[in-house]
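# Structure at a glance
Here is what each chain is made of, one letter per residue.
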Amino acid sequence: MATIDIWIQLENHPWDVCPNWPVDRSEAEGAMPVGSLKQVFMRSPVSGKSRLAAVRRPMAKDALLLRRYTAEWKAPDDRKVNPWDLNEIDPTDTGTMGTIPGAIIECNVGDTLQIHFRNLDTRTKNIPAPWERAGSGELLPAAARAHSLHAHGLTFPSKYDGAYPLSPPDPEQLITTQERNQWIAIGVTGRYKQGDRVPAGGTFTYTWEARGPASAGVWSYHDHSICDMENVGLGAIGMIVVHNPADKENEVQITTDRLPGGSWVASPLDDVWVPAEAIKIGLLQSQLASLVYPSESARRSAKTRARRDKKGPAADHIIRLGEFDIELDKNYKFWNSIRVPVYRKPPDQALFLLLFHEIPGVGACINGRKYLGNAPTLVAGPKTRMRFGILGMGEMFHTFHIHGHRWVITGPSGKTPSTIEQSAQIEAASQFQDTTLLGPGSSFAFTIEEGKGLMRPDPPLGEWHMHCHVPMHMMEGMIGSLLVINGGEAATPLPVGQGCPLRVAEPAPPYKSDLKTWRIRITPTSFDPGELEIEQGDFVEWINTDPEGVHSVRAKNGDFESNPLDPGKIWGWIFYKAGTYDYNCKFHKHEWWYDRGGYNLTPYIRVKPKSGGGGSSPAPPPPTTTTTHDVAITSTGFSPSSITIKAGDTVRWTNQDTTTHDAMADDHTSWGSPNLPPGKVWSQVFGQSGTFGYHCHIHPEMTGTIQVNS
């Protein structure tokens with residue numbers, strides 16, 4: 001029974017959900033729009049280290065990261081969430097400056113945890129874009145930057161619950177003079193600190209106990225303060241692992257020799273410098289231009305690894321040539337050696353922790369990442385005991401599924417409460433599973449031992465999908481993999497697939513003066529309007545205004561059905577027959593609420609005979625003569641960025657850049673183009689007067705304005 005002190009600091013930093021390339025190994029190019037590299041400013045507040053980092057798909061806001069520190073918050077002590085994750089990048093000051101989920105807390109049954117928490121949230125109101133320098137400008141309100149820590153699965157009094165606004169003051173923690181003004185700014189005017197609202201610049205110590213075997217398992221801890229929902233979505237969540245050493249069948253012990261290279265931050269890959277002695281290979285003089293651009297991993301390995309002749313490769317003689325790092329001789333004419341990345345030998349025991357969650361504006365993620373090749377690829381051996389801890393958080397329900405593997409959720413034994421609480425969790429509490437339901441805030445743990453029993457493939461070698469089995473979540477990028485290897489294999493690129501060929505919805509028929517047109521907006525949860533009354537011969541078009549989800553339109557009686565509609569896509573249908581048409585999305589169940597009757601209905605369209613009337617006002621037909629205004633999309637923005645047109649005129653955007661862009665209304669709902677690859681054109685008619693701001697949703701720094709006069 002030990003008392004363990006852990007020092008955690010909340011910090012805000014930019015976060016890239018797609019740091020690796022290709023973005024999506026499932027579909028090569030990926031479903032998430034990812035533009036050219038952007039620059040973000042990274043600064044570690046305690047060490048003072050700062051730099052500009054390149055990102056491909058940054059979050060719209062700074063992430064909130066719970067970082068591990070040494071005692072008294074003297075220096076960052078970052079560790080990877082999963083050291084054997086092939087895709088998790090450096091979490092230290094030279095990398096992401098923290099992880100999602102945050103610092104992993106580990107202890108044994110019977111231990112007491114003292115969590116020393118410091119809040120260093122420095123978010124400001126006016127960060128114009130996530131890749132621009134932060135830290136200057138007016139800070140967010142003090143209440144918006146207050147945070148706390150709330151633990152699941154452990155034992156503590158209410159003063160350590162961290163749940164706003166219910167946790168009472170802690171009479172053992174006086175507010176110091178240095179912190180007094182910060183606590184007053186969030187409404188704590190007494191003498192004592194309150195663990196449910198720690199202000200920016202403030203500190204609080206939580207004491208949590210793992211009392212007995214009932215605490216064994218994997219649990220969450222997360223922000224539960226004033227703006228907890230937003231904060232957790234931005235990453236203010238971590239995982240607690242309580243081990244039970246008495247559980248000899250399921251537990252793992254992660255010692256230094258079971259880490260890649262004996263380090264919490266090293267890669268599952270190692271370098272071998274192979275001498276080029278069998279044949280004398282020269283190079284072109286033009287290839288010397290890349291002499292100053294070796295990979296960082298090549299520089300590091302050059303200092304630590306030895307060639308066969310016991311002499312390490314000279315770092316200043318390394319060039320990057322295609323996919324290879326090459327060491328040249330002293331005259332820069334011939335190859336001395338070539339760097340070959342290989343897989344390290346996997347451990348006999350491994351702990352794998354996975355957070356299934358959603359990030360605002362980004363969608364479904366695993367450990368803050370999206371898509372195969374960015375989300376975790378966990379490396380194990382053919383005889384590795386793998387202890388999985390799975391946690392769900394957010395608005396959605398998920399499932400956890402690994403191809404080729406099965407498991408049993410274990411639980412306690414005994415008949416009385418006291419016996420149950422004190423028993424190791426070794427009794428089967430479920431049938432064999434390869435898919436387990438995961439709800440918000442829930443967690444579970446299980447163990448698979450490769451090489452034993454029937455709950456794994458035979459042989460287990462190979463790469464196996466590991467994902468949420470909800471089709472839309474999987475398509476959104478909630479997918480990783482389990483890679484089972486022997487160790488020592490060359491780390492060549494892993495398989496890359498291709499996407500299903502696009503099925504393009506039929507274009508809407510051209511407007512006619514006698515054709516009434518009606519528009520229905522598809523949102524993430526509804527069709528708007530949910531009920532519509534029209535006449536025979538009228539035309540209805542649906543536009544998908546959900547910025548993230550794919551939807552469709554399908555009649556209950558089978559009369560009409562659209563193809564899948566990506567965000568911004570439009571599909572239409574002319575109703576020639578009178579009647580009532582119930583319809584819905586084949587991917588989601590949309591309903592609308594009828595207030596007077598107090599019940600919910602599925603969407604429908606009532607078509608009246610031609611002689612009938614009524615219904616809401618149809619979209620007005622365009623004027624007989626209109627003008628088309630051209631806007632070019634370039635690498636520097638929209639050109640011109642501001643135009644003035646007349647009601648009924650058309651604006652036509654042409655992507656003249658070498659990367660994909662779009663044009664999206666600032667309200668994200670009224671109109672918006674699909675993704676426009678280089679050379680693509682898209683048009684929008686503006687029928688109402690007013691001022692309309694818009695931007696590129698992929699590159700939010702690109703903005704424009706359209707002034708429509710009547």
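Scope of this entry: the structure provided in the associated data block.

### Digging into the overall build of the chain
Along the backbone of the chain there are five helices and 45 strands. The 710 residues of the chain split such that 48% are buried. Sequence separation of 24 or more characterises 69% of the internal contacts of the chain that already satisfy a separation of 6 or more. Taken as a whole, the chain presents about 32600 Å² of accessible surface, with 53% of it coming from carbon and sulfur.

### Concerning the environment of Thr 545
Assignment of secondary structure puts Thr 545 in the loop between strand E31 (538–544) and strand E32 (554–555). For Thr 545, a relative accessible area of 9% puts it in the buried group. Sequence-wise, Thr 545 and Pro 524 are 21 residues apart; in three dimensions their C-alpha atoms are separated by 8.0 Å. At 2.7 Å, the side chain of Thr 545 forms a polar contact with the backbone oxygen of Ile 522.

### Things to note about the packing of aromatic side chains
This model, assessed by the stated rule, comprises 34 aromatic pairs. Each ring, one from Tyr 206 and one from Trp 208, has its centre 5.8 Å from the other, and the planes form 40°; the classification is tilted. With a relative accessible area of 0%, Tyr 206 lands in the buried category. Since its relative accessible area comes to 0%, Trp 208 is described here as buried. Aromatic ring contacts, followed pair by pair, group Phe 527, Trp 542, Phe 560, Trp 571, Trp 573, Phe 575, Tyr 581 and Tyr 583 into a single cluster. The residue whose ring lies beneath Arg 79 is Trp 264, and the NZ or CZ to ring-centre distance is 4.6 Å. One Lys or Arg, Lys 370, reaches over the ring of Tyr 371 and ends 5.5 Å from the middle of that ring.

### Details of the pattern of salt bridges
Tallied over the entire structure, the rule returns 25 salt bridges. With its nearest N and O atoms 2.9 Å apart, the salt bridge here joins Asp 196 to Arg 197. For Lys 586, the salt bridge identified is with Glu 561, shortest N-O distance 3.7 Å. Of the two residues, Lys 586 sits in the loop between strand E34 (579–584) and strand E35 (592–594) while Glu 561 sits in the loop between E32 and strand E33 (570–575), which places them 25 residues apart along the sequence. Using a relative accessible area of 32% as the deciding quantity, one classes Lys 586 as partly exposed.

### A look at the pairing of strand E27 (residues 479–484)
Within E27, six of the six residues are buried, which leaves it mostly tucked inside the rest of the structure. The alternating pattern of E27 places Ile 479, Ser 481 and Leu 483 and Gly 480, Leu 482 and Val 484 on opposite faces, both of which are buried. Pairing geometry for strand E19 (residues 377–380) and E27, over four bridges, is parallel. Paired with Thr 377 across the bridge in E27 is Ser 481. Bridge analysis of strand E26 (residues 462–467) against E27 gives six bridges, and the strand direction is antiparallel. Residue pairing for E27: His 467 is matched across the bridge by Ile 479.

### Thoughts on the sheet that holds E19
One open sheet accounts for five strands, arranged E19-E27-E26-E21-E24; its pairing is mixed. Each having just a single partner strand, E19 and strand E24 (435–438) make up the two edges of the open sheet. The sheet shows a mean angle of 20° between the axes of neighbouring strands, taken without regard to direction.

The rules we used
- Residues numbered from 1 in each chain as written.
- Predicted model: local features only at pLDDT ≥ 70, side-chain atom pairs only at ≥ 80, totals over all residues.
- Heavy atoms only, no water.
- Helix = DSSP H or I, 4+ residues; strand = E, 2+ residues; numbered from the N terminus.
- Buried < 20%, exposed > 50% of the residue type's maximum accessible area, 1.4 Å probe, protein only.
- Contact = heavy atoms within 4.5 Å.
- Areas by Shrake-Rupley, 256 points an atom, 1.4 Å probe, with all protein chains shown as cover.
- Polar contact = N/O pair within 3.5 Å; in protein donor to acceptor, adjacent residues only side chain to side chain.
- Phe/Tyr/Trp six-rings, centres within 6.5 Å; stacked < 30°, edge-to-face > 60°.
- Lys NZ or Arg CZ within 6 Å of the ring centre and 35° of its normal.
- Salt bridge = Lys/Arg side-chain N within 4 Å of Asp/Glu carboxyl O.
- Pairing = 2+ DSSP bridges.
- Axes fitted to C-alpha atoms, helices over the stretch in contact; angles between N-to-C directions.

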